[in-house]
Amino acid sequence: MKYTFEKAEKSTVKITIDLTAKEWQASIDAAYEKTKGRYSMPGFRKGKVPKKVLESAYGEGVFYEEAINQAFPKYYSEVLDKEPSIYAVAAPDLDIKKISEKGITMIAIVPVKPEVVFGAYKGIKFKKNEYNVKDEDVADELSRLQERNSRMIDVIDRAVANGDTVLIDYSGSVDGVKFAGGTAEKQTLVIGSNTFIPGFEEQLVGMNIGEEKDINVKFPEEYHAEELKGKDAVFAIKLHEIKTKELPELNDEFIKEAVGAESIDAYKEETRARLEKQNADRAERELEDEIIKKITETSEVEIPDALIENEIDRIVQEMEYRLSYQGLKLADYLKYIDKNMEEFRKDFTAQATERVKSQLVIEGIIEREEITATDEDVEARVAEMAKAQGKEAPDVKKNMAARQLDYIKNEIIIKKFFEFLKSSNEIEK
């Protein structure tokens, strides 16, 4: 094999691979051995037809396609092994320049890791948001805890009030004519939820169980049903049930039973600490996002199309995964938004480009600044994990797969990367 390579446009490398007649013939022979079982001819058992007979019957190039499939991965891998400077980041595009029994010339256009021209990433001023925990925030958490532990109870001794949940029959009409979708029985409605059209829920306040009455409302001008926009309507109402939400009394006994804290005061302290941790984490994430955004904007990189397409693949897969949780298929979603897959993918080009560029800048700085995860770093992280699990570090580590250790190393490197950037820039609160 002979090969040459040269830089091509947009972060790609052009590799030209020439195989001798002997090398090419070996690939053809391999292709024949792999595919001969597909052929049968009079006078021969299936899979036993000699290669020359098949070439005579079907043409000299009968095995060329499979021979290329055999030859290219082999010799392409050899080139990459010999030339570590060619950092392939996606599958190559293959073109056959010349082919015959005397040999073959294959040209591969290989997307490679692009060079990053860094802008400034040190000595920049960044502002870090600060989120303080207020007493109201803690009170809101207590209220949410009460809500989660509330129960609905029947009301029989009073009329409907705002916030109640009612069970009603209703039948709506416009100019004395009932309209589609305007009638229901045993419908649950929370008064004050603004679920129904304006004025509907308010007129139920004051009704008693078993009472029937007509209420007058006006459909909004922007209502979704064309035939009802702006129309006056009458709804005949019958009230069946009234329920209200009963909140548990906020005391030490409730807190202990609900969350295991010793007292309200203890839970308040735990809640404040948790909220402060959440706020601190949020502030750090926002700062890190801002730093990455800034250093990415000031850097330049020529991204090969293949990397952007690969990232769009990931984004589409993420979308498909999220939709599946909602019981939807991507094909149905595309019909709903009236787009084909090509249009849908195109919508993510800018997002994918930004993601890829950010990742390349991050990787470039990590390499440039020689940020690594040492064995000691990994051992310390494993020890933390073991302590959290109540186990010994050696026992935890020996049960880890290689990919888990790689994940830990990457986690450590990214943490060090952000520590480096924060220490190399000016952070104002």
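I will try to describe carefully the structure that is included in this document. Everything numeric in this text was worked out from a predicted model, so none of it was measured. (Residues numbered from 1 in each chain as written. Predicted model: local features only at pLDDT ≥ 70, side-chain atom pairs only at ≥ 80, totals over all residues. Heavy atoms only, no water.)

1. Comments concerning the overall build of the protein chain
- Counting its regular elements, the protein chain contains 13 helices and 13 strands.
- For the protein chain, the C-alpha radius of gyration of 35 Å lies well beyond 22 Å, the compact-globule estimate for 429 residues.
- Total accessible area computed for the protein chain in this model is approximately 27200 Å², and 48% of it derives from carbon and sulfur atoms.
- For the protein chain, the distance from the average position of its 67 positive side-chain charges to the average position of its 88 negative side-chain charges is 6 Å. (Helix = DSSP H or I, 4+ residues; strand = E, 2+ residues; numbered from the N terminus. Rg over C-alpha atoms; globule rule 2.2 N^0.38 Å. Areas by Shrake-Rupley, 256 points an atom, 1.4 Å probe, with all protein chains shown as cover. Lys, Arg positive; Asp, Glu negative; His and termini not counted. Charge placed at Lys NZ, Arg CZ, Asp CG, Glu CD.)

2. A short note on the sheet that holds strand S4 (residues 103–111)
- Across the sheet, which stays open at both edges, the 4 strands sit in the order S1-S2-S4-S3 with antiparallel pairing between neighbours. Pairing within the sheet leaves two strands with one partner each, and these edge strands are strand S1 (2–8) and strand S3 (93–100). With strand direction ignored, the average angle separating the axes of adjacent strands in the sheet is 15 degrees.
- In this structure, S1 lies alongside strand S2 (residues 12–19), joined through 7 bridges in antiparallel fashion. Paired with Lys7 across the strands is Val13, a residue of S2.
- Lying on the sheet, helix H1 (residues 21–35) is in contact with S2, S3 and S4; it crosses S2 at an angle near 90 degrees. (Pairing = 2+ DSSP bridges. Axes fitted to C-alpha atoms, helices over the stretch in contact; angles between N-to-C directions. Contact = heavy atoms within 4.5 Å.)

3. Some thoughts on the packing of aromatic side chains
- For the structure shown, the criterion picks out 19 aromatic pairs.
- Pairing Tyr170 with Phe200 gives two aromatic rings, centres 6.0 Å apart and planes at 80 degrees, and the pair type is edge-to-face. Of this pair, Tyr170 sits in strand S8 (residues 165–174) while Phe200 sits in the loop between strand S9 (177–190) and strand S10 (212–218), and the two are 30 residues apart along the sequence.
- The exposure class of Tyr170 is buried, given its relative accessible area of 11%.
- On the basis of relative accessibility, which here comes to 1%, the residue Phe200 falls in the buried class.
- Taking 5.3 Å as the distance between ring centres and 70 degrees as the angle between the ring planes, the aromatic pair formed by Tyr321 and Tyr325 counts as edge-to-face. Separated by 4 residues within a single helix, Tyr321 and Tyr325 lie in helix H7 (residues 305–325), roughly one turn from each other.
- Tyr321 gets classed as exposed once you look at its relative accessible area, which sits at 53%.
- Three or more aromatic residues joined by ring pairs form one cluster here, namely Tyr170, Phe179, Phe196, Phe200, Phe219, Tyr223 and Phe235.
- Lying across the ring of Tyr131, Arg282 places its NZ or CZ 3.8 Å from the centre. (Phe/Tyr/Trp six-rings, centres within 6.5 Å; stacked < 30°, edge-to-face > 60°. Buried < 20%, exposed > 50% of the residue type's maximum accessible area, 1.4 Å probe, protein only. Lys NZ or Arg CZ within 6 Å of the ring centre and 35° of its normal.)

4. Structural notes on the side chain of Arg345
- As for its placement among the helices and strands, Arg345 is situated in helix H9 (residues 341–346).
- At 2.8 Å, the side chain of Arg345 and the side chain of Asp313 are in polar contact. (Polar contact = N/O pair within 3.5 Å; in protein donor to acceptor, adjacent residues only side chain to side chain.)

5. Concerning the environment of Glu241
- Relative to the helices and strands, Glu241 resides in strand S11 (residues 232–246).
- According to the relative accessible area criterion, Glu241 is partly exposed, its value standing at 34%.
- As a C-alpha pair, Glu241 and Met152 span 89 residues in sequence and 12 Å in three-dimensional space.
- Apart from residues lying up to four places away in sequence, Glu241 is in contact with Thr165, Val166 and Leu167.

6. With respect to the pairing of S2
- Across the 8 residues that make up S2, a large majority, 6, are buried.
- If you look at the hairpin formed by S1 and S2, you'll find 3 residues sitting between the two strands, and Lys10 has a positive phi there, around 50 degrees.
- Direction of pairing for S2 relative to S4: antiparallel, over a ladder of 8 bridges. When the bridges of S4 are listed, Ile17 appears paired with Met106.

7. Regarding unusual backbone geometry
- A positive phi angle is found at Lys10, which is not glycine, with a value near 50 degrees.
- As for its placement among the helices and strands, Lys10 is situated in the loop between S1 and S2.
- The exposure class of Lys10 is partly exposed, given its relative accessible area of 36%.
- One non-glycine residue with positive phi stands out, namely Glu370, at about 55 degrees.
- When you line up the elements, Glu370 lands in the loop between helix H10 (349–368) and helix H11 (375–389).

8. With respect to the side chain of Ser173
- You can see Ser173 is positioned in strand S8.
- Given a relative accessible area of 17%, Ser173 falls into the buried group.
- Leave out the neighbours within four places in its chain, and Ser173 touches Lys178, Phe179, Asp232, Ala233 and Val234.

9. Notes on the environment of Phe235
- Mapped onto the elements of the fold, Phe235 is located in strand S11.
- Phe235 sits in the buried class, given a relative accessible area of 5%.
- Here the alpha-carbon distance between Phe235 and Lys329, two residues 94 residues apart in the chain, equals 39 Å.
- What Phe235 contacts, discounting residues up to four positions off in sequence, is Tyr170, Ser171, Gly172, Phe179, Gly182, Ile197, Phe200, Lys213, Asp214, Ile215, Val217 and Phe219.

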